[in-house]
Amino acid sequence: MNRVVEKILAGDVKTVAQLMRDVDDDVPGVKEYLKTLYKHTGKAYIIGITGVPGAGKSTLVASLIKHLRMINKTVGIIAIDPTSPFTGGAILGDRVRMQQHNLDDNVFIKSMATRGSFGGLSRSTRSAINILDAMGKDYVIVETVGVGQDEVDIVKAAHTTIVVLIPGMGDNVQAIKAGILEAGDIFAINKADIPGADKTARDISMMMDVNQSRFKADNWRPPIVKVEAISDKGVTELIQEINNHRNHIENLSSERKIQKQREKIREELLEIVKDRILQEALNQINKDNILQKTVEDIITGETDPYSACEMKILPKILARQTMS
Ligand SMILES: Nc1nc2c(ncn2[C@@H]2O[C@H](COP(=O)(O)OP(=O)(O)OP(=O)(O)O)[C@@H](O)[C@H]2O)c(=O)[nH]1
Ligand SMILES: [Mg+2]
């Protein structure tokens, strides 16, 4: 066990990749590594990138990597793939797009699937962030499409969250989940080569004026940066705004910083607890095949889903909880 931890702390790419796979598969014993590694986290700067599908998030991430590597910073990427596992399109796309960095040992890219994780996405993303942090990455960038509650939760793990918008979206910002817009510390309007970027910038600015209380947490008004990820335009300015935001957070009062830290740890703990409860409960239900049996009882009209949950399934789970 110590050997593995040592290798991870030393930044050994193969060991890190293996541990990440084991975390995904929930291999027994994997939590022991996470427990030990946790003490070595808290150094990386975490950037969340979110926005509608196809906004150019991955292209922007690739451009950010390039800029951060130029100033000798090491980077870990977690790309949460929004598409169905049947096509695998986005995974392949992201890999191809970012592969220019694959030969670089200082960049570690991890793709993660949203499907099939059954609520465990936030937990495995946080574990991956912690591993990349412990292995010594200066920056960890998490790319996620801004649609579901899971994504909003993931964004909460970031120090700075960039919401990527595109021209023409101004009238249509409702397309993004409200919670994600509010989580934005910086708005990047990508594809600024397409007409309408200025209008989108004005619309976002107006939206912030109207909802000042929601967009000015800690006296920070999210800046709006126009970028063209595909040709790296505006990315230096974007990095500058990331640094500004980082300085802003670091200069908050110590009480506020502790409060933010408490909130963050509480979220993380709650994720782990929720995930564990769900896992234990599902194991119990699956073990006794009770779900299938109950489905049959509902078909024959012996019971209905509401009563079945109360009378048959919950008692099983609760009995198990009190026994153990
Ligand atoms: N015109 C223009 N196209 C861009 C720009 N940046 C990215 N694109 C294109 O937009 C498309 C989507 O880019 P991605 O980076 O895959 O977008 P994404 O947001 O990561 O997409 P998902 O992960 O599938 O949600 C690609 O065809 C990119 O080439 C830009 O600055 N200008
Ligand atoms: Mg992408």
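Residues numbered from 1 in each chain as written. Chains lettered and ligands numbered in written order. Predicted model: local features only at pLDDT ≥ 70, side-chain atom pairs only at ≥ 80, totals over all residues.

(A) Broad picture of the overall build of the chain. Scanning the chain for helices and strands turns up 14 helices and seven strands. Burial analysis of the chain (324 residues in total) assigns 35% to the buried set. A sequence separation of at least 24 residues applies to 76% of the contacts in the chain between residues at least 6 apart. (Helix = DSSP H or I, 4+ residues; strand = E, 2+ residues; numbered from the N terminus. Buried ≥ 20, exposed ≤ 12 C-beta atoms within 10 Å, placed from the backbone. Contact = placed C-beta atoms within 7 Å.)

(B) Region of the structure containing helix α9 (residues 197-210). The terminal C-alpha atoms of α9 lie 20 Å apart, and with 14 residues this matches the ideal 20 Å at 1.5 Å per residue to within 8%. Turning to α9, its buried residues number three or more, namely Ala197, Thr200 and Ile204. Down the axis of α9, the sector holding all buried residues measures 60°, keeping them to one side. Away from its buried face, by an angle of more than 90 degrees, α9 presents the exposed residues Arg202, Met206, Asp209 and Val210. For α9, the elements touching its buried residues are β5 (160-165), β6 (186-189) and β7 (224-226). (Expected span 1.5 Å × (residues − 1). Arc of directions from axis to C-beta.)

(C) Structural view of the site of ligand 1. Surveying the vicinity of ligand 1 reveals 18 residues, the closest of which are Gly56, Lys57, Ser58, Thr59 and Ile230. Ranked by residue count, the leading element in the shell around ligand 1 is helix α4 (residues 57-70), at three residues. Here the residues of the shell around ligand 1 are counted per class, giving eight nonpolar, six polar and four charged. (Near = placed C-beta within 6 Å. Nonpolar A, V, L, I, M, F, W, Y, C, P; charged D, E, K, R; others polar.)

(D) Just the pairing of strand β4 (residues 139-145), in detail. Of all seven residues making up β4, seven are buried, and the element is well covered by its neighbours. In β4, alternate side chains face the same way, and those of Tyr139, Ile141, Glu143 and Val145 on one face and Val140, Val142 and Thr144 on the other are all buried. When strand β1 (residues 45-51) meets β4, the two strands line up parallel, connected through seven bridges. For Ile47, the partnering residue across the bridge sits in β4 and is Ile141. (Pairing = 2+ DSSP bridges.)

(E) Representation of unusual backbone geometry. With phi around 65°, Asn72 is a residue other than glycine that occupies positive phi space. Structurally, the position occupied by Asn72 is in the loop between α4 and β2 (75-81). A residue is classified by how many C-beta atoms lie within 10 Å of it, and Asn72, with 8 of them, is exposed. Backbone geometry places Asn219, a non-glycine residue, at a positive phi of 60°. For Asn219, the location among the structural elements is in the loop between α10 (212-215) and β7.

(F) The arrangement of the confidence of the model for the chain in detail. Summarising the model, the chain shows a mean pLDDT of 84, and 83% of its residues fall at 70 or more. Taken together, the stretch residues 84-93 has pLDDT below 50 and engages in 10 contacts with residues farther than four places along the chain or on a different chain. (pLDDT = per-residue confidence, 0-100.)

(G) Representation of the pairing of β5 in the model. Taken across its six residues, β5 has six buried, putting it largely inside the fold. Of the two faces of β5, the one holding Thr160, Ile162 and Val164 and the one holding Thr161, Val163 and Leu165 are both buried throughout. Two strands pair when backbone bridges link them, and β1 and β5 are joined in this way by five bridges, in the parallel orientation. Residue pairing in the sheet places Gly51 in a bridge with Val164 of β5. Here four bridges tie β5 to β6, and the two strands are oriented parallel to one another. Within β6, the residue paired with Val164 across the bridge is Ala188.

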